[in-house]
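# Structure assessment
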Amino acid sequence: MADSGKQPPRRRVPGPARPERPANRRTPGPGARPARRPAQPRPAAPQALRLGSPRPRLRMVSLALTLVLIAFVIRLLQVQAVDAGTYAAKAEKNRYVGYTLAAERGGITDRNGVALAASVDAYDITADPTMFTRKALKTSDGPEQAAALLAPILGQEQAALAKKLRAKGQYVLLSRRQTPQVWKQIKDLKSALATKAESDPGTVNALAGVFSVASSKRVYPNGDLAAGILGWVNYDGKGGGGVERQLEQELAGQDGKIRYAQSGGRQVPTAGSTETPAVPGSDVELTIDRDIQWAAQNAISEQVKESKADRGYVIVQDTRTGEILAMANSPGFDPGDLSKADGSSLHNWSLEDAYEPGSTAKVMSMAAVLEEGAATPDTHVVVPNRLHRGDRLFRDDIDHATWYLTLNGVLAKSSNIGTILATGQLGRTQQESNKVLYSYLRKFGLGSHTGLDFPGETRGILAPPEEWSTSQQYTIPFGQGVSINAMQAASVYSTIANGGVRVEPTLVRGTKGPDGRFTPAEKPEKTRVVSTRTAKTLAKMLESVVDDREGTGTKARIPGYRVAGKTGTANRVDPATGKYRGYTSSFAGFAPADQPRVTVYCAIQNATKGSYFGGQICGPVYKQVMEFALKTLQVPPTGAGAANLPVTFTP
């Protein structure tokens, strides 16, 4: 490259770096004064206190108060709007007290208006448990103190009463249907404690919370008379048996209600109260005659006791109307005091006991034979000592040589063999005879309820003829192998006495309502069973049982009267084992025989002392009761002579 004659510029090379001096700092020279130390900072002068602003705190308090008010408003809305009904109901419940006003139960009278069951004034003893608390009595054992005072008066356990007094709520029932004397005793004691508490503040009136509610109590003025018919009233005041149960709706009436405001267990007179009055029950008038009932009950009770029998019953019936004048059972019970009653006696066995009637049923067999024209009262019947039929050898109650009896004599001497021979003529075959006999038994009311609609009534046992066993087709004609009740048996004889027309038995004549209006019972149903001619013929034949010296019912004779009757002695089925053990003794009949007015039926179960034959132990009962009934009803003798139908014939 050509040299232009110019020197190129020289590049500077940087020298070593020097430490920089502080801008305001000089380097001391030789002999210079030492540099001063930096001045120390002086402490700051104290400042005056300044108060914080209150606004944040006020905001916090305001917010909290707002939240509380909102909570109160929400709760208030819930109480007054959402749950208003619930709280109102609670307040109403706590303020008002209500209880039932028991209706007075209707009375039961006999046909003449004599009281058999009545209701008298009584009181239900109640309490308010809230008045026995520690707060109310200032003592913790208030219920125990009250219970100790009440237990001997009410006849209850002290612990049980104390438990009731500690119950929740404002009402508790301590005892039902106490007599006015019992309530007076409690009230006097309560008053004495209140007087003492006023003078001595330390005394506790433990009975302050005990009150009473007017009620009624069932009483039976005649004790055990007609108890089987009447029944009883249970603890709740409802019928527990008999007519009391059967006619519960008519007798009970309609309960009322009362509601009133209270404070401290006492009624507030200025506050409104509501009351629905109770409607009393209707009075019931029975067909029973109290005096005849007493005679029947007395007679059967004495005989059952003398015979040491299980039980017995007597029925007295008006033959024309079907009305039951007496229905007596022994042993009986007092419906006013069941604590002493035997459970087995709390029945009306006249209707509830089903048993084989025995020879009193032969009158139905004879009715069928006469009505069908198979024989007449004079028809000759040769009766051997034994008769072989089916799978059995039949006999009469006593051993005898061959008897030569009329059909009337078969009934008078109560021959089983003669009855089998007579009913065998009802058809061309034994099966046909069975069907004919069965049809008459049904028409007489066997196998059906009597129409009384009585609680516990049995309809007995009568199998259809196609189900009769080989022996039944021969035993049923004389009253074995078929079961009835006493009312059915009495109705059979009343049917014959009424000219062959069966009138349904009745026990109630009518009811009298609270307004005093009497409503008669419905008229009983009537059914023709046999013709008037057959019925009159049977009545004459039944006279022979009582009047003829060879009859089995001579102990039933009544001087001056013509009496128709029939004895019965049947093998008895033991209810415990289902096997035959003991006997059913019976007698049935009516009088006067030619103008019947009264039927009497008597039965005694399992007599274990003395005779067990129906004519011997039931015949006298029949006589005693029939004589009394005829006298009470003022039935005069007809004065006509007995029929005196022949009993035997000469071969």
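Since this is a predicted model, take the numbers as computed values, not measurements. Every chain begins its residue count from 1, and numbering advances along the sequence as written. Restriction of local features to residues with pLDDT of at least 70 applies here, the model being predicted, together with a cutoff of 80 or more for giving and counting side-chain atom pairs; totals for whole chains, interfaces and linings are based on all residues. Side-chain numbers here rest on the full set of heavy atoms in the structure, without hydrogens or water.

### Some thoughts on the nonpolar core
Generally speaking, a soluble globular protein has its nonpolar side chains buried in company with each other. Put simply, the test is: Note on terminology: a nonpolar core comprises buried Ala, Val, Leu, Ile, Met, Phe, Trp, Tyr and Cys residues joined through side-chain atoms within 4.5 Å. Three exposure classes are used, based on accessible area relative to the maximum for each residue type with a 1.4 Å probe and protein chains only: buried under 20%, partly exposed in between, and exposed over 50%. Put simply, DSSP marks the helices as runs of H or I at least four residues long and the strands as runs of E at least two long, and each gets a number from the N terminus on. As used throughout, domain bounds are those supplied by an automatic or database domain assignment. In what follows, a contact means two residues having at least one pair of non-hydrogen atoms within 4.5 Å.
By size, the foremost hydrophobic cluster in this structure holds 87 residues, and its most contacted members are Leu286, Phe444 and Leu446. Sort the elements by how many residues they give to this core and helix α17 (residues 486-497) lands first, with eight residues. Among the domains, domain 1 (100-286) and domain 2 (290-333 + 352-633) are the pair contributing at least three residues each to this core. If we ignore the near neighbours within four places in the chain, the residues touching leucine 286 are Ile108, Thr109, Asp110, Arg111, Leu116, Ile229, Leu230, Val243, Leu507, Val508 and Arg509.

### Here we look at the packing of helix α12 (residues 362-371) against helix α14 (residues 416-423)
Any two packed helices are characterised by how steeply their axes cross, that is the angle between the axes, and by the distance between the axes. Basically, it comes down to this: Structural elements are reduced to axes, namely lines fitted to C-alpha atoms, with helices fitted over the stretch in contact, and the angle between N-to-C directions of any two is expressed from 0 to 180 degrees. In these notes the angle categories are as follows: under 35 degrees is roughly parallel, over 145 is roughly antiparallel, 65 to 115 is roughly perpendicular, and the rest is oblique. Each helix crossing is assigned a hand: it is left-handed if the near helix lies turned anticlockwise from the far helix by less than a right angle, otherwise right-handed if that turn is clockwise.
At a minimum axis separation of 10 Å, α12 and α14 run at an interaxial angle of 30 degrees. By the angle between their axes, α12 is roughly parallel relative to α14. At the point where α12 passes α14, the crossing takes the left-handed sense. Within the contact between the two elements, α12 uses Lys362, Ser365, Met366 and Val369 and α14 uses Asn416, Thr419, Ala422 and Thr423.

### Notes on the sheet that holds strand β24 (residues 598-605)
Worth spelling out the cut-off: Two strands qualify as a pair provided that DSSP identifies no fewer than 2 bridges between them.
Ordered in space as β13-β12-β24-β23-β22, the five strands form an open sheet in which the pairing is antiparallel. Among the strands making up the open sheet, the edge pair consists of β13 (324-330) and β22 (564-573). The average undirected angle you get between the axes of adjacent strands in this sheet is 10 degrees. Sheet analysis places strand β12 (residues 311-318) next to β13, joined by six bridges and oriented antiparallel. Bridge pairing in β13 links isoleucine 315 to methionine 327. Against the sheet, helix α18 (residues 532-547) makes contact with β22 and β23 (580-591), and its axis sits at roughly 70 degrees relative to β22, the strand it touches most. Running at roughly 30 degrees to β23, helix α20 (residues 619-632) makes contact with β12, β22, β23 and β24 of the sheet.

### Focus on the pattern of salt bridges
We count it as follows: Any Lys or Arg side-chain nitrogen found within 4 Å of a carboxyl oxygen on Asp or Glu counts as a salt bridge.
In this structure the tally under the stated criterion is 21 salt bridges. Across the pair lysine 184 and aspartate 188 runs a salt bridge, and its minimum N-O distance is 3.0 Å. Of this pair, lysine 184 and aspartate 188 both sit in helix α6 (residues 180-199), separated by four residues, roughly a single helical turn. Aspartate 188 gets classed as partly exposed once you look at its relative accessible area, which sits at 40%. Several salt bridges share partner residues, and in doing so they unite Arg105, Arg218, Glu244 and Glu248 into one network.

### Some remarks on a nonpolar patch on the surface
For clarity, the threshold we go by: A residue counts toward a patch only above 30% relative accessible area and without a salt bridge, and it is joined to like-charged neighbours within 9 Å or, for Val, Leu, Ile, Met, Phe, Trp and Tyr, to nonpolar neighbours within 5 Å. All accessibility values rest on the Shrake-Rupley procedure with a 1.4 Å probe; residue burial counts only the protein chains present in the view.
Together, Leu63, Leu67, Ile70 and Ile74 make up a nonpolar patch on the protein surface, roughly 390 Å² of accessible area in all. Mapping isoleucine 70 onto the fold places it in helix α1 (residues 55-82). Judged by relative accessible area, isoleucine 70 falls into the partly exposed class, the value being 42%.

### Section: the state of the cysteines
In plain terms, the rule: Throughout, disulfides are identified as pairs of cysteine sulfur atoms within 2.5 Å of each other.
Evaluation of the coordinates by the stated rule reveals zero disulfides. The thiol sulfur of cysteine 602 is not disulfide-bonded, and the nearest other cysteine sulfur, from cysteine 618, lies at 3.2 Å. Exposure remark for cysteine 618: the relative accessible area of 0% places this residue in the buried category.

### Quick notes on the packing of aromatic side chains
Just so we agree on the cut-off: Note on aromatic pairs: the rings of Phe, Tyr and Trp (six-membered ring only in Trp) are paired at centre separations within 6.5 Å, and the planes decide the class, stacked below 30 degrees, edge-to-face beyond 60, tilted for the rest.
Applying the stated criterion across every chain yields a total of 11 aromatic pairs. Ring geometry for tyrosine 313 versus tyrosine 355: centroids 5.9 Å apart, planes at 25 degrees, classification stacked. You can see tyrosine 313 sitting in strand β12 and its partner tyrosine 355 sitting in the loop between α11 (349-352) and α12, a full 42 residues away along the chain. Its relative accessible area of 1% is what places tyrosine 313 among the buried residues.

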